[in-house]
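Letter by letter, the chains look like this.
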Amino acid sequence: MIKTLLNLAHVDEGTKHCTDTIRLVFADLAVTVHGNEPMLLAALADYYRSYTSIEAQATVALDLYVIEQEAAGEELDWLAVPREEGKQGRKEGYIDVAGGRWIKKFKTGMAFLQRPQKLLAIGPCAANLAQIINFINNQFLNLYLRHDFTLGHASAFSVNGAVTAIAAGSGGGKSTLMLRCLENPARHFLTNDRILLKKTEQGTKAMGLAKLPRVNPGTLLHSDRLRHILPESRQQALAQMTQAELWSIEEKYDVQIEDDYGAGRVDLAGNLERLIMLDWSLSSDEPTQIEAVDLSSEPDAIEGLRKRPGPFFQGKDGAFIDLNAIRSVSHYASELSQVAVYRLKGKIDFDYAYELIAALD
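Keep in mind the model is a prediction, meaning the values are calculated, not measured. (Residues numbered from 1 in each chain as written. Predicted model: local features only at pLDDT ≥ 70, side-chain atom pairs only at ≥ 80, totals over all residues. Heavy atoms only, no water.)

## Focus on helix H2 (residues 38-47)
Definition in use: Each residue is placed in one exposure class: buried if its accessible area under a 1.4 Å probe, protein chains only, is under 20% of its type's maximum, exposed if it is over 50%, and partly exposed if it falls in between. Each helix is a run of DSSP H or I of at least 4 residues and each strand a run of E of at least 2, with the numbering of both proceeding from the N terminus. Taking the helix axis as origin, the arc is that swept by the directions to the C-beta atoms. Should any heavy atoms of two residues lie within 4.5 Å, those residues are considered in contact.
For H2, the set of buried residues is Leu40, Leu41, Leu44 and Tyr47. Along the axis of H2, the buried positions cluster into a sector of 120°, meaning they face one direction only. Tucked into the core, H2 has its buried residues touching strand E1 (20-26), strand E2 (29-35), strand E3 (60-68), helix H3 (129-145) and strand E16 (253-254).

Below is the structure:
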């Protein structure tokens, strides 16, 4: 058992107990996950199964170790990771060490060692699979951010490689609308909450993230396709709530695309053709409508797309950037100069929004 996180020689010695492995490939990145708990690796393999059929030839390979044990590092003086505007409470802390950084999740006790190679996740891993998945996916984000991609806060779907992204702040309905759009069988899931963008001579390239949609119960309750994910007793309780009450619940469920929408409905990359900014509201009595946005005169319309890289981002030289750093609005507007941008406003109506987006085609 690893007890002292700051003794990296001791920490590396602990990885010798990780004798089971799985290999995950996402576009240019291959991650070999080593673990001391076979059932945890099996759960990760099952989670990522929608991505195993995507053709990929990795050019970068990483080893990542997942050690199931008691929480460690509780006694250390962690520096606070700044939170997004409007969010309160102590969520994450960090301590920089030689060649890397420990990131601590205070609620779960998980600790993650971010460094160029031999990455580690230590703590009650099996009970916190979502955090292990995020750690793996952060390595994918890092790879592309180091190659001058820009991080966006958006969900997205694609049709024959043409990508439509849907952006808003947290709780804006982007995941729910993206899943509603997948009712068209020609559309493939690209990403739920993060997107990577890069303007090229051939168009604006978009990379999704290998993370399944993770949605609140209201999304599931109002979908004939997805309602089965909720236990019957939970469905009955939720059915008694108002729309506003449902909207405010933070209770996440994963949607396995392969199970609920069919095999072959997941993409990882495409060209970004369209961005839809959600500017609607539960309290609005205006009709739901969509309008084009001219970023040369309204660059702030894309504010909800901007996203900080976060504490896990480690640059090409191994350095960590200022945790408050975020790309400017003008940078995002420049990256989107080849993309059609729209604003969806008025009252929240997912069915009518589906029709409005279909009409753009």
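That shown, we press on.
## Let's talk about the packing of helix H4 (residues 174-181) against helix H10 (residues 350-360)
Helix-helix packing: each pair is described by the crossing angle between the helix axes and the interaxial distance. Rule in force here: In this analysis an axis means a line fitted to C-alpha atoms, helices contributing only their contacting stretch, and an angle means the value between N-to-C directions, from 0 to 180 degrees. For classification purposes, an angle smaller than 35 degrees is called roughly parallel, one larger than 145 roughly antiparallel, one from 65 to 115 roughly perpendicular, and anything else oblique. Two helices crossing with the near one rotated counterclockwise from the far one by less than a right angle form a left-handed crossing, whereas a clockwise rotation gives a right-handed crossing. Note on residue classes: Ala, Val, Leu, Ile, Met, Phe, Trp, Tyr, Cys and Pro are nonpolar, Asp, Glu, Lys and Arg are charged, and everything else, Gly too, is polar.
Viewed as axis vectors pointing N to C, H4 and H10 meet at an angle of 60°, and their least axial separation amounts to 10 Å. Classed by the angle they form, the pair H4 and H10 counts as oblique. Between H4 and H10 the crossing geometry is right-handed. Of the residues in H10, those in contact with Thr176, Leu177, Arg180 and Cys181 of H4 are Phe350, Asp351, Ala353, Tyr354 and Ile357. Residues that form the contact of H4 with H10 fall into these classes: six nonpolar, one polar and two charged.

## Quick notes on the pattern of salt bridges
Going by this rule: We define a salt bridge as a side-chain nitrogen of Lys or Arg found within 4 Å of a carboxyl oxygen belonging to Asp or Glu.
Evaluation of the coordinates by the stated rule reveals 22 salt bridges. Residue Asp193 pairs with Lys174 through a salt bridge whose shortest N-O separation is 3.5 Å. In this pair, Asp193 sits in the loop between strand E12 (188-191) and strand E13 (195-200) while Lys174 sits in helix H4, placing the two residues 19 residues apart along the sequence. Among the residues examined, Asp193 registers a relative accessible area of 25% and is labelled partly exposed. Residue classification places Lys174 among the buried residues on the basis of a relative accessible area of 6%. Glu291 is the salt-bridge partner of Arg343, the closest N and O atoms lying 2.4 Å from each other. Of the two residues, Arg343 sits in strand E19 (residues 340-347) while Glu291 sits in strand E18 (residues 289-292), which places them 52 residues apart along the sequence.

## Details of the packing of H2 against H3
For the pair H2 and H3, interaxial distance at closest approach is 11 Å and the crossing angle is 65°. Crossing geometry of H2 relative to H3 is assigned as right-handed. Two secondary-structure elements touch here, H2 through Leu40, Ala43, Leu44 and Tyr47 and H3 through Leu129, Ile132, Ile133 and Ile136. Across the contact of H2 with H3, the residue classes tally to eight nonpolar, no polar and no charged.

## Observations concerning the side chain of Asp260
Note the cut-off: Working convention for charge: Lys and Arg count positive, Asp and Glu count negative, and His plus the chain ends are omitted.
Assignment of secondary structure puts Asp260 in helix H8 (residues 257-261). Buried within the structure, Asp260 lacks any salt-bridge partner; its nearest side chain of opposite charge belongs to Arg225, at an N-O separation of 7.0 Å. With sequence-adjacent residues up to four places away left out, Asp260 is seen in contact with Arg225, Leu226, His228, Ile229 and Val255.

That's the geometry; what it means functionally is another story.
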